[in-house]
Amino acid sequence: MISFIVPIYNAEHYLPSCIESLRAQTEQDLQIILIDDGSTDGSYAVAQSFAAQDPRIMVLQQTHAGQSAARNLGLAHAQGEFIAFVDADDTIEPDWCERHLAAIDGVDYVQSGYKRIFNEETAKGNTPLHQYIYTSPCMRLYRKPAIAGRTFVEGMIYEDVVWSVDLWLSGATCRMINYTGYHYTANPLSTTSRPHPEAQRRVISELKSRLHNASLRGKMIIYYTIIRLKLHFLRS
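Residues numbered from 1 in each chain as written. Predicted model: local features only at pLDDT ≥ 70, side-chain atom pairs only at ≥ 80, totals over all residues. Heavy atoms only, no water.

Undergrad: When you look at the overall build of the chain in this model, what are you seeing that I'm missing?
TA: Each helix and strand counted, the chain has 8 helices and 11 strands in total. When the 236 residues of the chain are sorted by exposure, 51% land in the buried category. Sequence separation of at least 24 residues holds for 80% of the intrachain contacts in the chain that already meet a minimum separation of 6. In the form shown here, the chain has an accessible surface area of approximately 11400 Å², with 53% of it arising from carbon and sulfur atoms. (Helix = DSSP H or I, 4+ residues; strand = E, 2+ residues; numbered from the N terminus. Buried < 20%, exposed > 50% of the residue type's maximum accessible area, 1.4 Å probe, protein only. Contact = heavy atoms within 4.5 Å. Areas by Shrake-Rupley, 256 points an atom, 1.4 Å probe, with all protein chains shown as cover.)

Undergrad: Looking at this structure, I do not really get the pattern of salt bridges. What am I missing?
TA: Note on pairing: side chains with opposite charge can pair once their charged atoms come close. Applying the stated criterion across every chain yields a total of 11 salt bridges. The shortest N-O distance in the salt bridge between Asp54 and Arg23 comes to 3.1 Å. One end of the pair, Asp54, is in the loop between helix H2 (43-53) and strand S3 (57-62); the other, Arg23, is in helix H1 (residues 15-23), with 31 residues separating them in the sequence. (Salt bridge = Lys/Arg side-chain N within 4 Å of Asp/Glu carboxyl O.)

Undergrad: Just checking my understanding: could you explain the pairing of S3 for this structure?
TA: If a strand is regular, its side chains alternate between the two faces of the sheet. As judged from the 6 bridges shared by strand S2 (residues 30-37) and S3, these two strands associate in the parallel manner. Note on S3: the bridge partner recorded for Leu34 is Val59. Crossover connection from S2 via H2 to parallel S3: handedness right-handed. (Pairing = 2+ DSSP bridges. Right-handed = clockwise from strand over helix to strand, strands pointing away.)

Undergrad: Looking at this model, I keep getting lost on the packing of aromatic side chains. Mind explaining?
TA: We describe a pair of aromatic rings using the distance from one ring centre to the other and the angle between the two ring planes. Taken as a whole and assessed by the stated rule, the structure comprises 9 aromatic pairs. Ring plane angle 85° and centroid distance 5.5 Å describe the contact between Phe85 and Phe152, whose orientation is recorded as edge-to-face. Residue Phe85 is located in strand S4 (residues 82-85), and its partner Phe152 is located in the loop between helix H5 (144-147) and helix H6 (159-169); the two are separated by 67 residues in the primary sequence. Here Phe85 falls in the buried class, since its relative accessible area comes to 1%. By relative accessible area, Phe152 is classed as buried at 2%. When the ring of Tyr142 is compared with that of Trp163, the centres are 5.5 Å apart and the planes differ by 90°; the resulting orientation is edge-to-face. With a gap of 21 residues between them, Tyr142 in strand S9 (residues 140-143) and Trp163 in helix H6 connect regions that are remote in the sequence. Here Tyr142 matches Trp163 in class, with each residue buried. Sitting over the face of the ring of Phe152, Arg71 holds its NZ or CZ atom 5.2 Å from the ring centroid. (Phe/Tyr/Trp six-rings, centres within 6.5 Å; stacked < 30°, edge-to-face > 60°. Lys NZ or Arg CZ within 6 Å of the ring centre and 35° of its normal.)

Undergrad: Please explain the sheet that holds S9 as it appears in this structure.
TA: Sheets are built from strands paired through backbone hydrogen bonds, the pairs being either parallel or antiparallel. The sheet built from 7 strands is open, its strands ordered S3-S2-S1-S4-S9-S6-S10 with mixed pairing. Looking along the sheet, the strands with just one partner apiece sit at the ends: S3 and strand S10 (174-176). Across the sheet, the mean angle from the axis of one strand to that of its neighbour is 20°, orientation sign disregarded. Here 2 bridges tie S4 to S9, and the two strands are oriented antiparallel to one another. Considered in S9, the bridge of Ile83 is made with Tyr142. (Axes fitted to C-alpha atoms, helices over the stretch in contact; angles between N-to-C directions.)

Undergrad: I would appreciate a short explanation of unusual backbone geometry in the present structure.
TA: Although it is not a glycine, Met139 adopts a positive phi angle of roughly 65°. Position of Met139 relative to the elements: it lies in the loop between strand S8 (123-124) and S9.

Undergrad: Please explain the side chain of Gln111 as it appears in this structure.
TA: With respect to the helices, strands and loops of the structure, Gln111 is situated in strand S6 (residues 109-111). What makes Gln111 buried here is its relative accessible area of 1%. A polar side-chain atom of Gln111 sits 3.5 Å from the main-chain carbonyl oxygen of Met139. (Polar contact = N/O pair within 3.5 Å; in protein donor to acceptor, adjacent residues only side chain to side chain.)

Undergrad: What exactly am I supposed to notice about H6 here?
TA: Residues spaced three or four apart along an α-helix point in a common direction, a consequence of the helix completing one turn every 3.6 residues. Counting buried residues along H6, 9 of its 11 residues qualify, which places the element largely inside the surrounding structure. Along H6, the residues classified as buried are Glu159, Asp160, Val161, Val162, Trp163, Ser164, Val165, Leu167 and Trp168.

Undergrad: Explain the nonpolar core to me, please; I cannot follow it from the model alone.
TA: The tendency in soluble globular proteins is for nonpolar side chains to be buried as a group. Phe4, Leu34, Phe85, Trp96 and Val203 are the most contacted members of the largest nonpolar core, which has 69 residues in total. Ranked by residues supplied to this core, first place goes to H6 with 6 residues. When near neighbours in sequence (up to four residues on either side) are disregarded, Phe4 contacts Leu22, Leu30, Gln31, Ile32, Ile33, Ala84, Val86, Ile92, Trp96 and Cys97. (Core = buried A, V, L, I, M, F, W, Y, C linked by side-chain atoms within 4.5 Å.)

Take a look at the structure:
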């Protein structure tokens with residue numbers, strides 16, 4: 001079984017497409033965990049309506065505490081042998097599970113790429129294979145033991161960067177596949193679509209705090225991530 005963890009905050013417009021893409025997988029042995037993070041729109045009602053149609057869907061609700069808390073709650077309820085994260089405004093292609101399951105033998109997780117969606121009809125390119133080392137926890141299928149006890153830092157933005165770096169520092173083994181079945185929506189209302197100077201300083205500080213105990217390889221990973229982050233912040 002694959003447990004999908006979907007944090008939701010005011011994603012009423014996008015959520016039906018996201019859920020339908022999970023339900024349409026060629027691999028049907030799924031658990032779909034929808035976590036409503038205190039939405040003020042109709043997201044919770046949408047999630048409940050799908051759960052009424054499909055017993056594989058679990059809906060959880062919390063007061064607004066952020067994406068990290070929602071993902072952590074989802075992890076606490078995940079029953080699958082494998083774990084995947086999908087954001088509520090994104091979708092995946094029908095063979096996403098099948099392609100990742102076929103490649104995960106012998107490694108802790110499988111990494112693939114994405115297409116960037118600028119509206120509901122337009123996709124821009126595929127991510128080159130050499131750029132698949134990015135910090136989103138999405139676009140990956142994990143063996144559950146590989147991320148057991150690995151929670152997201154709550155109360156901060158860019159928490160996925162810290163989570164991914166900690167995963168890399170743990171020595172988890174990865175296989176990259178040349179496949180771009182994840183559709184990432186360029187949502188102008190998303191949290192990271194606008195600058196957050198204090199959050200940017202905090203994530204850099206969190207990464208630097210890991211340098212002291214890191215191996216030489218770990219230090220290279222951390223510095224590489226910090227450089228890429230700073231370039232991203234300059235462009236945003």
